[in-house]
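# Reading the structure
What follows is each chain in one-letter form.
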Amino acid sequence: MDKKLLFIDCDPGIDDAAALLLAAAAPEAEIIGVSAVAGNVPLEHTLPNALALTAFTHLDAVPVYAGATRPLIGEVLTAAYVHGMDGLRGHTLPPHTRTACPEPAWTALHRAAAAYPGRVTLVAVGPLTSVATAFSLHPDLPGLLKQVVIMGGAAAVPGNASPAAEFNFLADPEAAEAVLRSGARLALCPLDATEKAYLTPEELETMAVLGSPQARFFAQVMGETVPWCRDNYGIHGATLHDPAALLYALHPELFTGKACWAGVETEAQLTRGKLFTDAFSDAKKDPNCTLLYDVDRPAFARTILDLMACY
Ligand code: BDR
Ligand code: CA
């Protein structure tokens, strides 16, 4: 089987952790790099979390790189109210001896993409600061990547970090807008899709019963978000934002999307970080992405349970 080559840029973050667990388990994927960016918590936590997660998932040979410590413009925005001060809600992972590679994330991403032109899928599930930096430093990078799958934005649903904006886009609107304008082949996985991409408490219990430390960690940590997801998204279960983007990279047939134009508001105070798209409008512009807005939830849940059974 020709494996899908993945480079994962993340800000772990509990659902980033879940995405890494799934990617590491997937026989159809080969992870060629992981980079950490400041987001859910500062880089001083996301980087150690990425290192610990790669060790926990037997990805010891996969290089881990440090990315941006702050957005292109403005103040750092965090989401410790969901992810805890350490990014993993206080859950500890087994000790390890891994260290980050000295190369910055943007250099490493460019080198990896140039080594496999047209073959690398970048899965970006944190603020897009490092990705925008990489695109700005290496203008050939968008064309070298097979695809960029982004968890970010809220198109036709309310935001989760402001009434208008989703967290990853609000954390660095300028970076998100730069990536959308980059010419890269983009798939956007916004809240419109991810709020439908959840596991019920019963499915999480089925996962826990699989018994591996990785399955129990996933089920436990994501299970803790069930009350928050009920209150904020009105669903019976744990929303899996970042795993949804990862699953799209591996199994696009699970999702429904459409080619459309998308942009991000960077100026207005009330709507800063808001994703705007013509996907649901008659006023069409030239498409620059595929916007995902629905998922076959039962098949999504089955695929996740199958992947976690690989541990
Ligand atoms: C996104 O924001 C973060 O809190 C999650 O890790 C996810 O990437 C959801 O809005
Ligand atoms: Ca994330």
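Residues numbered from 1 in each chain as written. Chains lettered and ligands numbered in written order. Predicted model: local features only at pLDDT ≥ 70, side-chain atom pairs only at ≥ 80, totals over all residues. Heavy atoms only, no water.

## Observations concerning the sheet that holds strand 6 (residues 186-189)
One open sheet holds the eight strands; their spatial order is 3-2-1-4-5-6-12-9, and the pairing between them is mixed. Because the sheet does not close on itself, it has two edges, and the strands there are strand 3 (64-66) and strand 9 (255-260). If you compare each strand with its neighbour and ignore which way they point, the axes differ by 25 degrees on average. Pairing geometry for strand 4 (residues 120-124) and strand 5 (residues 147-151), over four bridges, is parallel. Bridge pairing links alanine 124 to isoleucine 150 in strand 5. Relative to strand 1 (residues 4-10), helix 1 (residues 14-25) is tilted by about 165 degrees, and along the sheet it contacts strand 1 and strand 2 (29-36). (Pairing = 2+ DSSP bridges. Helix = DSSP H or I, 4+ residues; strand = E, 2+ residues; numbered from the N terminus. Axes fitted to C-alpha atoms, helices over the stretch in contact; angles between N-to-C directions. Contact = heavy atoms within 4.5 Å.)

## Let's talk about the pairing of strand 5
The element strand 5 is largely enclosed, with a buried count of four among its five residues. Two elements, strand 5 and strand 6, share four bridges in a ladder whose sense is parallel. Bridge pairing in strand 6 links valine 148 to leucine 186. (Buried < 20%, exposed > 50% of the residue type's maximum accessible area, 1.4 Å probe, protein only.)

## Focus: the coordination of the calcium ion (ligand 2)
Those protein atoms acting as donors to the calcium ion (ligand 2) are Asp11 (OD), Asp16 (OD), Asp16 (OD), Val125 (O) and Asp242 (OD), and they sit at 2.3 to 2.6 Å. The motif formed by the donor residues of the calcium ion (ligand 2), counted along the single chain, is D-x4-D-x108-V-x116-D. A residue pair is termed long-range when its members are at least 10 positions apart, and aspartate 11 in the loop between strand 1 and helix 1 and aspartate 242 in helix 13 (residues 241-250) qualify at 231 residues. Side by side, aspartate 11 and aspartate 242 carry an identical accessibility label, which is buried. (Donors = N, O, S within 2.8 Å, 3.2 Å for Na, K, Ca; no water.)

## Considering the site of ligand 1
Neighbouring residues of ligand 1: Asp15, Asp16, Asn40, His83, Val125, Met151, Asn160, Glu166, Phe167, Asn168, His241 and Asp242. One nitrogen or oxygen atom from the side chain of aspartate 15 is found 2.6 Å from an oxygen atom belonging to ligand 1. If ligand 1 stood free it would expose 280 Å²; the protein chains cover 96% of that surface. Most atoms of ligand 1, that is more than half of them, are within 2 Å of grid points of the largest cavity. Mapped onto the shell around ligand 1, the elements with two or more residues apiece are helix 1, helix 7 (167-171) and helix 13. (Near = heavy atom within 4 Å. Polar contact = N/O pair within 3.5 Å; in protein donor to acceptor, adjacent residues only side chain to side chain. Areas by Shrake-Rupley, 256 points an atom, 1.4 Å probe, with all protein chains shown as cover. 1 Å grid on protein atoms, 1.4 Å probe; cavity = no way out; pocket = protein on both sides within 12 Å on 5 of 7 lines; lining within 4 Å. Sits in = over half its atoms within 2 Å of the grid points.)

## Topic: empty space enclosed by the protein
All chains considered together, the criterion is met by three cavities of 30 Å³ or more. Each pocket or cavity is described by its volume, and for the largest cavity that value is around 260 Å³. Asp15, Val82, His83, Asn160 and His241 are the residues nearest the centre of the largest cavity, which is lined by 23 residues in total. Contributions of two or more residues to the lining of the largest cavity are made by helix 1, helix 3 (80-83), helix 7, helix 12 (226-233) and helix 13. (Points joined across faces, edges and corners; volume = space filled by probe spheres on them.)

## Considering the confidence of the model for the chain
Scored by pLDDT, the chain has a mean of 97; 100% of the residues are at 70 or more. Within the chain, the lowest mean pLDDT, 92, falls on helix 12, and the highest, 99, falls on strand 4. (pLDDT = per-residue confidence, 0-100.)

## Details of the packing of helix 10 (residues 201-210) against helix 14 (residues 297-308)
Helix 14 packs onto helix 10 with a crossing angle of 15 degrees between their chain directions and a minimal axis gap of 10 Å. Taken as axis vectors, helix 10 and helix 14 run roughly parallel relative to one another. As helix 10 runs across helix 14, the sense of the crossing is right-handed. Here Glu203, Thr206, Met207 and Leu210 of helix 10 lie close against helix 14, whose contacting residues are Arg297, Ala301, Ile304, Leu305 and Met308. (Parallel < 35°, antiparallel > 145°, perpendicular 65-115°, else oblique. Left-handed = near helix turned anticlockwise from the far one by under 90°.)

## A word on the side chain of aspartate 278
Tracing the chain through its elements places aspartate 278 in the loop between strand 11 (275-277) and strand 12 (289-295). Buried aspartate 278, no salt bridge; nearest opposite-charge side chain is lysine 284, N-O distance 4.7 Å. One polar contact links the side chain of aspartate 278 to the main-chain amide nitrogen of lysine 285, over a distance of 2.7 Å. Aside from chain neighbours lying at most four places away, what touches aspartate 278 is Cys260, Trp261, Ala283, Lys284 and Lys285. (Lys, Arg positive; Asp, Glu negative; His and termini not counted. Salt bridge = Lys/Arg side-chain N within 4 Å of Asp/Glu carboxyl O.)

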